[in-house]
Amino acid sequence: MRGNIAQLMQQAQKMQENVQRAQEEVAKIEVTGSAGGGMVNVTITGRMECRKVRIDPSVLTDPEMAEDLVVAAFNDAVNKVNAESQARMSVATAGMQLPPGMKMPF
């Protein structure tokens, strides 16, 4: 029985290391979200830090629309980061689903 517990602890430690590595990798990525058919692009890091905003000058004639497109592009970028993070975490945990609200490391 002790062998099983030791083996489980080793597996948990390895998974924790894999998750930490995946989190570090995600933090380094940059993704670009877009809106309005590419008229507005927002580039953010995996830490949700904004790196660049590109707005087609034709959008600036309608400030309200420009604001809406920036929000939509940012949300698109956030969704891309979250999807990439989830994919990498799935690999790091070998497909094992963590219960909702449970964070790694333990």
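These numbers were taken from a predicted model, which means no experiment stands behind them.

Trainee: Looking at this structure, how should I read the overall build of the protein chain?
Mentor: When you go through the protein chain residue by residue, the secondary structure sums to two helices and three strands. For the protein chain, the α and β elements follow one another from N to C terminus as α-β-β-β-α. For the protein chain, the share of sequence-separated contacts (at least 6 apart) that also reach a separation of at least 24 residues comes to 54%. Here the protein chain displays about 7300 Å² of accessible surface, and carbon together with sulfur accounts for 54% of that area.

Trainee: Even after reading the chapter, I still don't get the UniProt feature "coiled-coil region" (unreviewed entry) in the protein chain, so can you show me in this structure?
Mentor: As recorded in UniProt, the sites labelled "coiled-coil region" (unreviewed entry) are residues 5-32. End C-alpha atoms of residues 5-32 are separated by 44 Å, and the span's content is 86% helix alongside 11% strand.

Trainee: I would appreciate a short explanation of the pairing of strand β3 (residues 50-55) in the present structure.
Mentor: Along any regular strand, the residues point their side chains to alternate faces of the sheet. Two elements, strand β2 (residues 40-45) and β3, share five bridges in a ladder whose sense is antiparallel. Within β3, the residue paired with Val-42 across the bridge is Val-53. Counted along the chain from β2 to the antiparallel partner β3, the turn is four residues long, and its residue Met-48 has a positive phi close to 65°.

Trainee: What should I look at first to understand helix α2 (residues 63-92) in this one?
Mentor: Given 3.6 residues to a turn, an α-helix orients residues that are three or four positions apart in the same direction. Taking 1.5 Å as the rise per residue, α2 with 30 residues should run 44 Å; its terminal C-alpha atoms sit 43 Å apart, in good agreement. Listed as buried for α2 are Ala-66, Leu-69, Ala-73, Ala-77, Val-78, Val-81, Met-89 and Ala-92. Trailing α2 by a residue or two, Ala-94 shows a phi angle of about 55°, which is positive.

Cut-offs and rules
Residues numbered from 1 in each chain as written. Predicted model: local features only at pLDDT ≥ 70, side-chain atom pairs only at ≥ 80, totals over all residues. Heavy atoms only, no water. Helix = DSSP H or I, 4+ residues; strand = E, 2+ residues; numbered from the N terminus. Contact = heavy atoms within 4.5 Å. Areas by Shrake-Rupley, 256 points an atom, 1.4 Å probe, with all protein chains shown as cover. UniProt positions renumbered as here; feature names shortened; annotations may be inferred. Pairing = 2+ DSSP bridges. Expected span 1.5 Å × (residues − 1). Buried < 20%, exposed > 50% of the residue type's maximum accessible area, 1.4 Å probe, protein only.

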